[in-house]
Amino acid sequence: MLASKETDLVTTEEMLTPYGLNQPYDLSLRVQQGKWLLQQEIQVRFPLGCILLEIKEKESHKKFVSILSEEFGGMSERYAYKYMVFTKKCIELPKLRQFAEKNWSKAIALLESCSDDSIKEIEEKGINGKALEEYDGLSVVEFKALIKKLTKKQDKNPELDQAIMENNQLRQERDALRLRVPNGPDASWASNMLQEIENTFMRLDGYLSSIAFDARIIGDDNLQAQVVGLHARMMDRFYRFEQRWEDYTGQKIEQ
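Participant: Would you take a moment to explain the overall build of the chain for this structure?
Facilitator: Scanning the chain from terminus to terminus reveals twelve helices and zero strands. Ordered by position in the sequence, the α and β elements of the chain form the string α-α-α-α-α-α-α-α-α-α-α-α. Taken across its 255 residues, the chain has 22% of its residues classed as buried. In the chain, 55% of the contacts between residues at least 6 apart in sequence involve partners at least 24 apart.

In structure tokens form, the structure reads like this:
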């Protein structure tokens, strides 16, 4: 039995030999090496996102996908967008970027756990009234626990529930519109739909004009908030359309 254990031990050591980096095993050394390599992997996210964003803006969607496949080891669009979204948020939120320069793991935990609105609020107000840099001393585990408590509070936020519901409605509308696109040899079907959109805009313009010329709305906080929210949702829809148009056609909408 002892001989069998010794045989098993030798076999295990032999199996681990390729992973030893030509160095004798030392736990503290391996932990140090692992942490250093993880830091390098995390810090490469921002510059890689910059590169991918620049290529995407300069090239057509088709060519961008081809470059990902042929030059970046078969990287998927979904994987590439993770880098690009991370980079855009760092650029748009300078305080978060400054925090991330020393706390990449914490910054990534923050970006992956919180909604865009929550991250913008943290950029402006910090966490629990404290600026981000005041959390430099927390370990990654402690910081993640803090973010977990924060997201639990967000789950009870009715405004967040409303945003989720609106997002689900947008998805349903998008799916319904896709079903309305007929199959055919050309895109002539779009002419009637564009006219319908134009008519809808005319009615919408009439509604908005009525609101714009009523100064009483300024004195009503609830109505004013509804106007601001409506404007944000409309602009978001236009932005999504522009992004989809560019992604599928490879061309920008000229003003």
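Participant: Help me understand the pattern of salt bridges in this model?
Facilitator: Two side chains of opposite charge can pair, provided their charged atoms sit close to one another. Here the structure, examined in full by the defined rule, presents two salt bridges. Across the salt bridge formed by Glu-59 and Lys-63, the nearest N and O atoms sit 3.5 Å from each other. Classification of Lys-63 as partly exposed rests on a relative accessible area of 44%.

Participant: When you look at unusual backbone geometry in this model, what are you seeing that I'm missing?
Facilitator: Phi angles above zero are rare outside glycine, and Asn-128 is one such case at about 55°. Its location among the elements puts Asn-128 in the loop between helix 8 (116–125) and helix 9 (140–155). The class of Asn-128 is exposed, set by a relative accessible area of 53%.

Participant: Just checking my understanding: could you explain the packing of helix 6 (residues 94–102) against helix 8 for this structure?
Facilitator: The relative placement of two packed helices comes down to the angle between their axes together with the axis-to-axis distance. Between helix 6 and helix 8, the least distance of the axes is 8 Å, while the angle of their chain directions is 80°. The angle between helix 6 and helix 8 falls in the class roughly perpendicular. Between helix 6 and helix 8, the contacting residues are Pro-94, Lys-95 and Leu-96 on the first element and Ile-119, Glu-123 and Glu-124 on the second. Each residue belonging to the contact of helix 6 with helix 8 can be placed in one class, and the counts come to three nonpolar, no polar and three charged.

Participant: Looking at this structure, I do not really get the confidence of the model for the chain. What am I missing?
Facilitator: Segments scoring low in pLDDT should not have their predicted coordinates read at a detailed level. Mean pLDDT over the chain stands at 77; residues scoring 70 or higher make up 81%. When the elements of the chain are averaged for pLDDT, helix 1 (residues 2–16) gives the smallest value, 55, and helix 3 (residues 45–58) the largest, 90. Below pLDDT 50 for its whole length, residues 1–7 participates in zero contacts with residues either more than four positions away or in separate chains.

Participant: Even after reading the chapter, I still don't get the nonpolar core, so can you show me in this structure?
Facilitator: It is characteristic of soluble globular proteins that their nonpolar side chains tend to be buried jointly. Counting residues in each nonpolar core, the largest one holds 23 residues, and the members touching the most others are Leu-96, Leu-110, Ile-127 and Phe-143. Looking at this core, the elements that each hand over two or more residues are helix 5 (77–92), helix 6, helix 7 (104–113), helix 8 and helix 9. Counting residues per element, this core draws most heavily on helix 7, at five residues. Here Leu-96 is in contact with Ala-107, Leu-110, Leu-111, Ile-119, Glu-123 and Leu-132, once residues within four sequence places are set aside. Counting nine residues, the second largest nonpolar core, distinct from the first, contains Phe-64, Ala-80, Tyr-83 and Met-84.

Participant: What is the right way to look at the environment of Glu-92 in this model?
Facilitator: Relative to the helices and strands, Glu-92 is located in helix 5. Residues Glu-92 and Lys-120, 28 residues apart in the sequence, show an inter-C-alpha distance of 9.3 Å.

Participant: Any chance you could explain helix 2 (residues 27–43) here in plain terms?
Facilitator: For the α-helix, the turn length of 3.6 residues means that residues three or four positions removed from each other point alike. Taking 1.5 Å per residue, 17 residues should reach 24 Å; helix 2 reaches 24 Å between its end C-alpha atoms and fits that length. The complete set of buried residues in helix 2 reads Arg-30, Gln-33 and Ile-42. For helix 2, the arc enclosing every buried residue in end-on projection is 170°, short of the 170-degree limit, so these residues lie on one face. Counted as exposed and oriented over 90 degrees from the buried face of helix 2: Ser-28, Gln-32, Lys-35 and Trp-36. Residues of helix 2 that are buried sit in contact with helix 3 and helix 7.

Participant: So what exactly am I meant to see when it comes to the environment of Gly-20 here?
Facilitator: When you line up the elements, Gly-20 lands in the loop between helix 1 and helix 2. With a relative accessible area of 13%, Gly-20 lands in the buried category. Measuring from C-alpha to C-alpha, the distance between Gly-20 and Arg-30 comes to 9.4 Å, with ten residues separating the pair along the chain.

Participant: Is there a simple way to explain the state of the cysteines in this structure?
Facilitator: Joining two cysteines, a disulfide is a covalent bond between their sulfur atoms. One pass over the full model with this rule turns up zero disulfides. As a non-bridged cysteine, Cys-50 has Cys-90 as the owner of its nearest cysteine sulfur, 8.7 Å distant. The class for Cys-50 is partly exposed, based on a relative accessible area of 28%.

Cut-offs applied
- Sequence order as written defines residue numbering, which begins from 1 separately in each chain.
- Per-residue local features are limited, in this predicted model, to residues with pLDDT of at least 70; the limit for side-chain atom pairs, both in listing and counting, is 80 or more; totals at the level of whole chains, interfaces and linings are taken over all residues.
- Here the side-chain values reflect all heavy atoms present in the structure, with hydrogen atoms and water set aside.
- Only DSSP runs of H or I reaching four residues or more are called helices, and only runs of E reaching two or more are called strands; each is numbered from the N terminus.
- Only protein chains enter the calculation, and the probe is 1.4 Å; a residue is then buried if its accessible area is under 20% of its type maximum, exposed if over 50%, and partly exposed in between.
- Contact definition: two residues touch when any of their heavy atoms are within 4.5 Å.
- Criterion for a salt bridge: a side-chain nitrogen of Lys or Arg within 4 Å of a carboxyl oxygen of Asp or Glu.
- Note on geometry: axes are lines fitted to C-alpha atoms, helical ones only across the stretch in contact, with angles between N-to-C directions running from 0 to 180 degrees.
- Small angles under 35 degrees read as roughly parallel and large ones over 145 as roughly antiparallel, with 65 to 115 read as roughly perpendicular and the rest as oblique.
- Charged means Asp, Glu, Lys or Arg here, nonpolar means Ala, Val, Leu, Ile, Met, Phe, Trp, Tyr, Cys or Pro, and polar covers whatever is left, Gly included.
- Per-residue confidence from the predictor is reported as pLDDT, a score between 0 and 100.
- What we call a nonpolar core is a set of buried Ala, Val, Leu, Ile, Met, Phe, Trp, Tyr and Cys residues that are connected through their side-chain atoms within 4.5 Å.
- Expected helix span is computed as 1.5 Å times (number of residues minus one).
- What the arc describes is the spread of directions from the helix axis to the C-beta atoms.
- Here, two cysteine sulfur atoms that lie within 2.5 Å of each other are counted as a disulfide.

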